[in-house]
Amino acid sequence: MTMLNTNIPEAVRAVASNGTQLRYALMELAAQQKDTIALGRGDPDLDTPQHIILAAQEAIRRNQTAPTPVAGMPELRSAIAEKLRRENGLSVSAENVIVTTGGQEGLFLIMQALLDPGDEVLVPDPRYTSYDEAIETAGGKIVMIPTDHDDAFNLPVESIEQAITPKTKALLIVTPSNPTGGIITEERARAIAEIAIKHNLIVISDEIYEKFLYDGWKHFSIGSIPGMEERTITLNGFSKTYAMTGFRVGFVAAAVDFIQAMTKVKTFTTGPAATISQHAGLAALNGPQEPINEFLRIYTERRQLMMTGLRDMGLDFSDPRGGFFLWTISSSTGINATELSYLMLKEGRVLIFPGTGFGDKWDGYLRITLLQSMDELQEALRRMQPVIERYRVKA
Ligand SMILES: Cc1ncc(COP(=O)(O)O)c(C=O)c1O
């Protein structure tokens, strides 16, 4: 890909090989300029449903502010277990659940409780690079499983088996995927489960985008497959499903002894998740679920708008089956994605993350979120068009 040398500041260039830092460097630059449309972060822009807000207010009003047990409020753990049984087909009860301070902390605790130094974790590439930090902080080593455009970024079963060594402890899967929008189909999940059982692997299943699938695709939880109950660690949370990112509440379901190990780490790090947020989470699970359908309707409409607008600009993308993102092919412009993101930000005032924010080799992709109103998305498309035209490398 061509590097145009458009004065990308060193601050951005220097961190270009570390996905998380690169994303944060771009967000910092965006914060310094006025009137930027942010299509960067994956946090829902929609309002948290009113009954959840009221439950949080009510918890404060009643002075329900004392800390809960470290693994979470018993009623919330039960409600989560009930949801996982009913919707995901997992055989779990409250003891199999820990409430975390967001899925992010869930990831950290999982890796701390799971890994010994030198253990290898198989992770799909491209990926949400917080996985890297969580694994490496625990002394583990990431082994990348490349996923491919022509396979709709599903997880290739043969590559998993080839990557297994005596040090492989776990396989991390994410469905739908951030950043690709790919999903792991039920058929693929069953094939992956067979491998996990054959090689005695733990499977960490990140299902945080489970409610947002398009075009009739259905979510499937690998932990529901017989033989997977004891070896699956399911990660989920309230941030995406109920537009509750700032409440910082997520959860993990796994074997009871593993939940106890996670609880131990949580005890001497963060302690229990915020009580008020846990009350909000309980209201989310026990209250009406219609807001999720409405969120899905809104994202579906935005997705259509963006798919059409990007195609009109000559940009294609992978088959986006779920989640909040279009994993857009920018290589057709001839411009390196890190540089194109910088140009989009500086000249188009649109914040978009380059593929390199999700793995070194993805300099031919941009990750574009659907997390702005239709008007803002339309305006973003209007701003992006001239930037592409100005810099497109003519063949
Ligand atoms: C794939 C994936 N997993 C986990 C998380 C963690 O989300 P939170 O900490 O808000 O629950 C995110 C957030 O963007 C994500 O994209």
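The rules we used
Chains are numbered independently. Their residues run from 1 in the order of the written sequence. Totals for whole chains, interfaces and linings use all residues, but because this is a predicted model, local features are given only for residues with pLDDT of at least 70 and pairs of side-chain atoms are given and counted only at 80 or more. Here, nearness means that the C-beta atom of a residue, built from backbone geometry, sits within 6 Å of the molecule or strand in question. The secondary structure listing takes helices from DSSP runs of H or I that are at least 4 residues long and strands from runs of E that are at least 2 residues long, numbered from the N terminus. Counts of 20 or more other C-beta atoms within 10 Å of a residue's own C-beta define buried residues, counts of 12 or fewer define exposed ones, and intermediate counts define partly exposed ones; C-beta atoms are placed from the backbone. One bridge is not enough; two strands pair if DSSP finds at least two bridges between them. Our contact criterion uses C-beta atoms placed from the backbone: two residues qualify when those atoms are within 7 Å. Throughout, the arc means that of the directions going from the helix axis to the C-beta atoms. Domain start and stop points were drawn from an automatic or database domain assignment. Lines fitted to C-alpha atoms define the axes here, with helix axes fitted over just the stretch in contact, and angles between the N-to-C directions of these axes take values from 0 to 180 degrees.

S.K.: Got a minute to help me understand the site of the ligand in this structure?
M.R.: Taken together, 13 residues lie near the ligand, and G102, G103, Q104, G237 and S239 sit nearest. Per element, the largest residue contribution to the shell around the ligand is three residues, and it comes from helix α5 (residues 102–114).

S.K.: Can you help me understand the pairing of strand β7 (residues 232–237) in this one?
M.R.: Each regular strand displays side chains that alternate between the two surfaces of the sheet. When you tally the buried positions in β7, you get six out of six residues, the bulk of the element. On β7, burial covers both faces: T232, T234 and N236 on one face and I233, L235 and G237 on the other are all buried. Where strand β6 (residues 202–206) lies against β7, four bridges are found, and the strand directions are parallel. Bridge pairing links D206 to L235 in β7. Sheet topology note: the β7/strand β8 (residues 250–253) ladder contains four bridges and is antiparallel. Looking at the pairing, T234 lines up with A253 of β8.

S.K.: In this structure, what is going on with the pairing of strand β11 (residues 350–354)? I would like to understand it.
M.R.: Most of β11 sits out of view: five of its five residues are buried. Neither face of β11 is open: one carries V350, I352 and P354, the other L351 and F353, and all of them are buried. The pairing of strand β1 (residues 37–39) with β11 spans three bridges and is classified as parallel. Looking at β11, one finds that I37 is bridged to V350. Bridging between β11 and strand β12 (residues 365–369) involves two bridges; their strand directions are antiparallel. Residue pairing for β12: F353 is matched across the bridge by R367.

S.K.: What am I meant to see in the environment of D257 here?
M.R.: Position of D257 relative to the elements: it lies in helix α9 (residues 256–267). The exposure class of D257 is exposed, given the 11 C-beta atoms found within 10 Å. Sequence-wise, D257 and A196 are 61 residues apart; in three dimensions their C-alpha atoms are separated by 20 Å.

S.K.: What am I meant to see in the environment of P44 here?
M.R.: Position of P44 among the secondary structure elements: in the loop between β1 and α3 (50–61). Overall, the presence of 22 C-beta atoms within 10 Å leaves P44 in the buried class. For the pair formed by P44 and R127, sequence separation is 83 residues and the distance between their alpha carbons is 19 Å. Beyond its immediate sequence surroundings of up to four residues, P44 is in contact with K240, A243, T245 and L371.

S.K.: I keep staring at helix α6 (residues 130–137) and nothing clicks. Help me out?
M.R.: The periodicity of an α-helix, 3.6 residues per turn, causes residues three or four positions apart to be oriented the same way. Within α6, burial applies to Y131, A134 and I135. Buried residues in α6, looked at end-on, bunch into an arc of 95°, giving them a common side. Tucked into the core, α6 has its buried residues touching α5, β3 (120–125), β4 (141–146) and β5 (168–174). After α6 finishes, the residue G139 shows a positive phi value of roughly 85°.

S.K.: Explanation requested: unusual backbone geometry in the structure shown.
M.R.: Negative phi characterises most residues that are not glycine, and trans characterises most peptide bonds. The peptide bond linking T175 to P176 adopts the cis configuration, its omega dihedral lying at -10°. Within the secondary structure, P176 sits in the loop between β5 and α8 (186–198). Here the phi dihedral of F153 falls at roughly 55°; this positive angle occurs in a residue that is not glycine. With respect to the helices and strands, the residue F153 is situated in the loop between β4 and α7 (157–163). Notably, R349 is not glycine yet its phi reads approximately 55°, a positive angle. Inspection of the secondary structure puts R349 in the loop between α12 (337–348) and β11.

S.K.: Would you explain the domain arrangement of the protein in this entry?
M.R.: Interface size is commonly expressed as the accessible surface area that is lost when the partners come together. In terms of domains, the protein is made up of domain 1 (10–42 + 291–391) and domain 2 (66–286). Domain 1 and domain 2 are separated by 26 Å when their C-alpha centres are compared. Residue-level contacts link 24 residues of domain 1 with 26 residues of domain 2. Elements with a minimum of two residues in the side of domain 1 that touches domain 2: α2 (19–31), α11 (290–312) and β10 (325–329).

S.K.: So what exactly am I meant to see when it comes to the sheet that holds strand β9 (residues 316–317) here?
M.R.: What links the strands of a sheet is backbone hydrogen bonding, and the strands pair in either a parallel or an antiparallel sense. Spatially, β1-β11-β12-β10-β9 is the arrangement adopted by the five strands of the open sheet, whose pairing is mixed. A single partner strand is all that each edge strand has here, and the edge strands are β1 and β9. Against the sheet, α2 touches β1 and β11, its axis set at about 170° to β11. Packed on one face of the sheet, helix α13 (residues 374–391) meets β1 and β11 and runs near 95° to β1.

S.K.: Which parts of the structure should I look at to understand the sheet that holds β4?
M.R.: Read from one edge of the open sheet, seven strands run β2-β8-β7-β6-β5-β3-β4, paired in mixed fashion. Because the sheet does not close on itself, it has two edges, and the strands there are β2 (97–100) and β4. Across the sheet, the mean angle separating the axes of adjacent strands is 20° when strand polarity is ignored. Relative to β2, helix α4 (residues 74–88) is tilted by about 115°, and along the sheet it contacts β2, β7 and β8. Packing of α9 onto the sheet brings it into contact with β2, β7 and β8, and relative to β2 it is tilted by some 25°.

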